[in-house]
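Residues per chain, in single letters:
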Amino acid sequence: MLPFSDEDLRPPVTSIVESKIAPMLARDGGAIQLLDIIDGRVFIQLQGACVGCSASGSTLKFIVEKELKAAIHPELQIVNVPAGMENNLQEL
């Protein structure tokens, strides 16, 4: 269990996604959107060139997850939301 509420997590997660991760992805035509944080699970969506890219799994694990876990908490869960599932986060 994380020692933070979802509200506590939102500012640092948003900051890391916008200032560190998004610029890295943008260099290759990709993008990322923070959709929500629910029960300590961070729901993001890879967009742009990341959609359908064979390296998107590695991007999620070795860039997004690594950055967020290192900066915030090692037990943080990152969930990549497939297109069309934005309104069904509880199902993921």
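What comes next concerns the included structure. None of the values given here were measured: they were computed from a predicted structure.

**Concerning unusual backbone geometry**
Here is step 1: Even without being glycine, Asp39 reaches a positive phi, approximately 55 degrees.
Here is step 2: Here Asp39 is to be found in the loop between strand 1 (30-38) and strand 2 (41-48).
Here is step 3: Residue classification places Asp39 among the exposed positions, given a relative accessible area of 67%.

**Examining the packing of helix 1 (residues 6-26) against helix 2 (residues 56-71)**
Here is step 1: Put simply, helix 1 and helix 2 touch, their axes get as near as 10 Å, and they point 145 degrees apart. When the axes of helix 1 and helix 2 are compared, the crossing they make is right-handed. Residues Val13, Ile16, Lys20, Ile21, Met24 and Leu25 of helix 1 form the contact with helix 2, whose participating residues are Thr59, Ile63, Val64, Glu67, Leu68 and Ala71.
Here is step 2: Along the lines of polarity and charge, the residues of the contact of helix 1 with helix 2 split into nine nonpolar, one polar and two charged.

**Examining the sheet that holds strand 3 (residues 77-80)**
Here is step 1: A sheet is described by the order of its strands in space; here three strands give the open sequence 1-2-3, paired in mixed fashion. Looking at strand neighbours, the two that pair on one side only are strand 1 and strand 3, the edges of this open sheet. Neighbouring strand axes in the sheet, compared pairwise and without regard to direction, differ in orientation by 30 degrees on average.
Here is step 2: Pairing between strand 1 and strand 2: eight bridges, direction antiparallel. Bridge assignment links Leu34 to a residue of strand 2, and that residue is Ile44.

Criteria and thresholds
- Residues numbered from 1 in each chain as written.
- Predicted model: local features only at pLDDT ≥ 70, side-chain atom pairs only at ≥ 80, totals over all residues.
- Heavy atoms only, no water.
- Helix = DSSP H or I, 4+ residues; strand = E, 2+ residues; numbered from the N terminus.
- Buried < 20%, exposed > 50% of the residue type's maximum accessible area, 1.4 Å probe, protein only.
- Axes fitted to C-alpha atoms, helices over the stretch in contact; angles between N-to-C directions.
- Left-handed = near helix turned anticlockwise from the far one by under 90°.
- Contact = heavy atoms within 4.5 Å.
- Nonpolar A, V, L, I, M, F, W, Y, C, P; charged D, E, K, R; others polar.
- Pairing = 2+ DSSP bridges.

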